[in-house]
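Chain by chain, the residues run as shown.
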Amino acid sequence: MEVGFLGLGIMGKAMSLNLLRHGFKVTVWNRTVSRCDVLVEHGASVAETPAAVIKKCKYTIAMLSDPSAALSVVFDKDGVLEEICSGKGYIDMSTVDSDTSSKISEAITGKGGYFLEAPVSGSKKPAEDGQLVILAAGEKALYDEVIPAFDVLGKKSFFLGKVGNGAKMKLVVNMIMGSMMNAFSEGLVLAERSGLSQQTLLDIVDLGGIANPMFKQKGPAMIQSKFPPAFPLKHQQKDMRLALALGDENAVSMPVAAAANEAFKKARSLGLGDNDFSAVYEAVKIPDCSADA
Ligand SMILES: NC(=O)C1=CN([C@@H]2O[C@H](COP(=O)(O)OP(=O)(O)OC[C@H]3O[C@@H](n4cnc5c(N)ncnc54)[C@H](OP(=O)(O)O)[C@@H]3O)[C@@H](O)[C@H]2O)C=CC1
Ligand SMILES: O=CCCC(=O)O
């Protein structure tokens, strides 16, 4: 199967390498062209524009940072819309809101193409290992056709129905994750300020009912103030913001998520946006001056 791939950041690079390893022919495009080099070393072809990728490939996957990037790659000059047509499928795996996904879907299907949104749960390592969880929605026929690619990229794929459902499910999951990371960070700070061993806290948490892979993997690095980016904090804050907007739309009060979003915003203002999202720990550590007022 020949697949196009747009966006070679942390996730896109790992996912496209994985497809190459499993025998797919892959044509890549990335805004910063030098990021294509490593893919070429592993057998990928490079196209000069998103439109050129679409022209060459029956199926094209996108993995882009946020709604504005996802829209730009489709609607701007040399974008996806210039070449999408009947018989071609476009699969956007970026984490965006349902409105963005719907706009893209309408434009693609308006030109006769097929559209699937397919955001993923799982980060850099699961992407490298083909262990993502795929949350697809949109054109079921396209979903069925690209299952061989999803089987390489992920350990489980869900088809969630109409366009928007995948985007919404992903935002709900990441809203929970961002809130958990804040609670975990507060716990680590509270342990330290109370004179307790943070390592012992990690050991105890890992043995009980709140044990989870995220605390286990990120905790040891966090207590050493190391935050190598797997999931960049700026993207987690984008997801909190989009999840809160979904809460607004549905009149769901989410005070925990709102507080977590503020902590991620504070971390961004401290210049931590390109660190892993666990770097919110650094923002949580800073005493809240407003509390003294
Ligand atoms: N990292 C993770 O653990 C996970 C991330 N996600 C989601 O996947 C998506 C990608 O994440 P990740 O790979 O970590 O992000 P990165 O920041 O590593 O990569 C972002 C990609 O988007 C491209 N891009 C950004 N802005 C534009 C633009 N205006 N036009 C064209 N291309 C653009 C970048 O190109 P360039 O190289 O030129 O900057 C790069 O290829 C995000 O939506 C994120 O929320 C989902 C699950 C896990
Ligand atoms: O969107 C990013 C998800 C990261 C993860 O699931 O660990």
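For the structure, check the block above.
Given the structure is predicted, the values throughout are model-derived calculations rather than measurements.

Caption draft 1: Inspection of the overall build of the chain at higher detail. Each helix and strand counted, the chain has 14 helices and nine strands in total. Taken along its principal axes, the extent of the C-alpha atoms in the chain is 65 × 45 × 35 Å. A burial count over the chain gives 50% of its 293 residues as buried. For the chain, restricting intrachain contacts to residue pairs at least 6 apart in sequence, the fraction spanning at least 24 positions comes to 67%. Split by element, the accessible area of the chain, about 13,600 Å² in all, is 55% carbon and sulfur. If the 31 positive side-chain charges of the chain are averaged to one point and the 33 negative ones to another, these points end up 3 Å apart.

Caption draft 2: Up close: the pairing of strand β5 (residues 89-92). Burial along β5 is two-sided: Gly89 and Ile91 facing one way and Tyr90 and Asp92 facing the other are all buried. As paired elements, strand β4 (residues 59-62) and β5 share four bridges and run parallel to each other. The partner of alanine 62 across the bridge, within β5, is aspartate 92. Handedness of the β-α-β unit built from β4, helix α4 (residues 67-75) and β5 comes out right-handed. As paired strands, β5 and strand β6 (residues 114-117) are joined by four bridges and run parallel to one another. Following the sheet pairing, glycine 89 is matched in β6 by tyrosine 114. Handedness of the β-α-β unit built from β5, helix α5 (residues 98-110) and β6 comes out right-handed.

Caption draft 3: The site of ligand 2, seen in detail. Around ligand 2, the surrounding shell consists of Gly122, Ser123, Lys170, Asn174, Met177 and Phe231. A distance of 2.9 Å separates an oxygen atom of ligand 2 from a polar atom in the backbone of glycine 122. One of the side-chain nitrogen or oxygen atoms of lysine 170 is found 2.7 Å away from an oxygen atom of ligand 2. Here ligand 2, which alone exposes 250 Å², has 82% of that area covered by the protein.

Rules used in this analysis
- Residues numbered from 1 in each chain as written.
- Chains lettered and ligands numbered in written order.
- Predicted model: local features only at pLDDT ≥ 70, side-chain atom pairs only at ≥ 80, totals over all residues.
- Heavy atoms only, no water.
- Helix = DSSP H or I, 4+ residues; strand = E, 2+ residues; numbered from the N terminus.
- Buried < 20%, exposed > 50% of the residue type's maximum accessible area, 1.4 Å probe, protein only.
- Contact = heavy atoms within 4.5 Å.
- Areas by Shrake-Rupley, 256 points an atom, 1.4 Å probe, with all protein chains shown as cover.
- Lys, Arg positive; Asp, Glu negative; His and termini not counted.
- Charge placed at Lys NZ, Arg CZ, Asp CG, Glu CD.
- Pairing = 2+ DSSP bridges.
- Right-handed = clockwise from strand over helix to strand, strands pointing away.
- Near = heavy atom within 4 Å.
- Polar contact = N/O pair within 3.5 Å; in protein donor to acceptor, adjacent residues only side chain to side chain.

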